[in-house]
Amino acid sequence: ALRHASEAVRIDPRNAEAHYNRGTALLRGGRMEEAAASLEEALRIDPGNWRAHTNLGEICYHQGEVEQALVHWEDALLINPDDPLANHNCAVQYENRGAYDRAIIHFRRYLEQETDAAETRLRVAALLERQGWPDEAAGEYRMILERDPNNGEARTRLAALEKRSR
């Protein structure tokens, strides 16, 4: 992939998609600095390339630049609010900061795309409980159990919620 993307960049250096593909291939190969340069060039040519922002966020995160990663993920979501990876990554960062309302919003957007992500749905339910919304949390547990009636954690948490509400 890297060879083809690099050749595409050589043939047409103004092709944002070629720079994006090259940056993505470099990212997958662990060549972060080169990947960032290609992705930044993709954005210079096409500022609406939300996938380049998402991948730049990954690079920043892995380099310990969490604030800059969050900026890139939020920029990606301004362009494409349905980007599952950017939504998930934003949600995790907001959860880590104690911004639970924002985390819930982004986790729910993620779940609109990744409907079978039971672990994420469990996380949302726990956040809803923490925020004092037991009915909404119970709804999340029920959604998990509709898809997987044998999910012990969802069943246990739902039972505890129902016990407390009596």
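Since we're looking at a predicted model, the values are computed, not measured.

A. Molecular detail of the overall build of the chain. Helices and strands together make up the secondary structure of the chain, namely 10 helices and zero strands. In the chain, the succession of helices and strands from N to C terminus is α-α-α-α-α-α-α-α-α-α. Relative to its length of 166 residues, the chain is extended, with a C-alpha radius of gyration of 19 Å against a globular reference of 15 Å. Along the first, second and third principal axes, the C-alpha atoms of the chain reach 70 × 30 × 25 Å. A burial count over the chain gives 42% of its 166 residues as buried. Contacts in the chain between residues at least 24 apart in sequence constitute 39% of all its contacts with a sequence separation of at least 6. As displayed, the chain has an accessible area near 9200 Å², and 48% of this comes from carbon and sulfur atoms. Here the chain carries 22 positive and 29 negative side-chain charges, and the mean point of each set is 3 Å from the other.

B. Inspection of the pattern of salt bridges at higher detail. Per the counting criterion, the structure on display carries 13 salt bridges. Salt-bridge contacts for glutamate 162 lead to arginine 142; the nearest nitrogen and oxygen are separated by 3.1 Å. With glutamate 162 in helix α10 (residues 152-165) and arginine 142 in helix α9 (residues 134-147), the pair connects residues that are 20 residues apart, well separated along the chain. Taking the relative accessible area as the measure of exposure, arginine 142 reaches 40% and is therefore partly exposed. Through salt bridges that share partners, Arg108, Arg121 and Glu140 make up one connected network.

C. Just the nonpolar core, in detail. Core analysis: the largest hydrophobic core is formed by 31 residues, its most contacted members being Trp73, Cys90, Phe107, Leu127, Ala137, Tyr141 and Ala154. Put simply, the parts of the chain that give this core at least two residues each are α5 (66-79), α6 (84-97), α7 (100-113), α8 (118-130), α9 and α10. Looking at this core element by element, the count peaks at six residues for α7. Each residue touching alanine 154, except ones within four places of it in the same chain, is listed here: Leu122, Tyr141, Ile144 and Leu145. Counting residues in hydrophobic clusters, the runner-up holds 11 residues, among them Leu27, Ala35, Ala36 and Ala42.

D. Looking closely at the packing of aromatic side chains. Applying the stated rule across the entire model yields one aromatic pair. Taking 6.1 Å as the distance between ring centres and 40° as the angle between the ring planes, the aromatic pair formed by tyrosine 61 and tryptophan 73 counts as tilted. Taken together, the residues span a long stretch of sequence, with tyrosine 61 in helix α4 (residues 50-62) and tryptophan 73 in helix α5 at a distance of 12 residues. Residue class for tryptophan 73 comes out buried when judged on its relative accessible area of 1%.

E. Up close: α4. Between the first and last C-alpha of α4 there are 19 Å, a value that for 13 residues agrees with the 18 Å anticipated at 1.5 Å per step. Turning to α4, the residues buried within the fold contact α2 (16-28), α3 (32-45), α5 and α6. Two residues or fewer after α4 comes glycine 64, characterised by a positive phi angle close to 80°.

F. Local environment of the environment of isoleucine 105. Within the secondary structure, isoleucine 105 is located in helix α7. Along the backbone, isoleucine 105 and tyrosine 94 are 11 residues apart, and their C-alpha atoms lie at a distance of 10.0 Å.

G. Molecular detail of the side chain of threonine 24. When you line up the elements, threonine 24 lands in helix α2. Residue class for threonine 24 comes out buried when judged on its relative accessible area of 8%. Residue contacts for threonine 24: discarding those within four places in its chain leaves Leu39 and Asn55.

Rules of the game
- Residues numbered from 1 in each chain as written.
- Predicted model: local features only at pLDDT ≥ 70, side-chain atom pairs only at ≥ 80, totals over all residues.
- Heavy atoms only, no water.
- Helix = DSSP H or I, 4+ residues; strand = E, 2+ residues; numbered from the N terminus.
- Rg over C-alpha atoms; globule rule 2.2 N^0.38 Å.
- Buried < 20%, exposed > 50% of the residue type's maximum accessible area, 1.4 Å probe, protein only.
- Contact = heavy atoms within 4.5 Å.
- Areas by Shrake-Rupley, 256 points an atom, 1.4 Å probe, with all protein chains shown as cover.
- Lys, Arg positive; Asp, Glu negative; His and termini not counted.
- Charge placed at Lys NZ, Arg CZ, Asp CG, Glu CD.
- Salt bridge = Lys/Arg side-chain N within 4 Å of Asp/Glu carboxyl O.
- Core = buried A, V, L, I, M, F, W, Y, C linked by side-chain atoms within 4.5 Å.
- Phe/Tyr/Trp six-rings, centres within 6.5 Å; stacked < 30°, edge-to-face > 60°.
- Expected span 1.5 Å × (residues − 1).

Treat this as a map of the structure, not an account of what it does.
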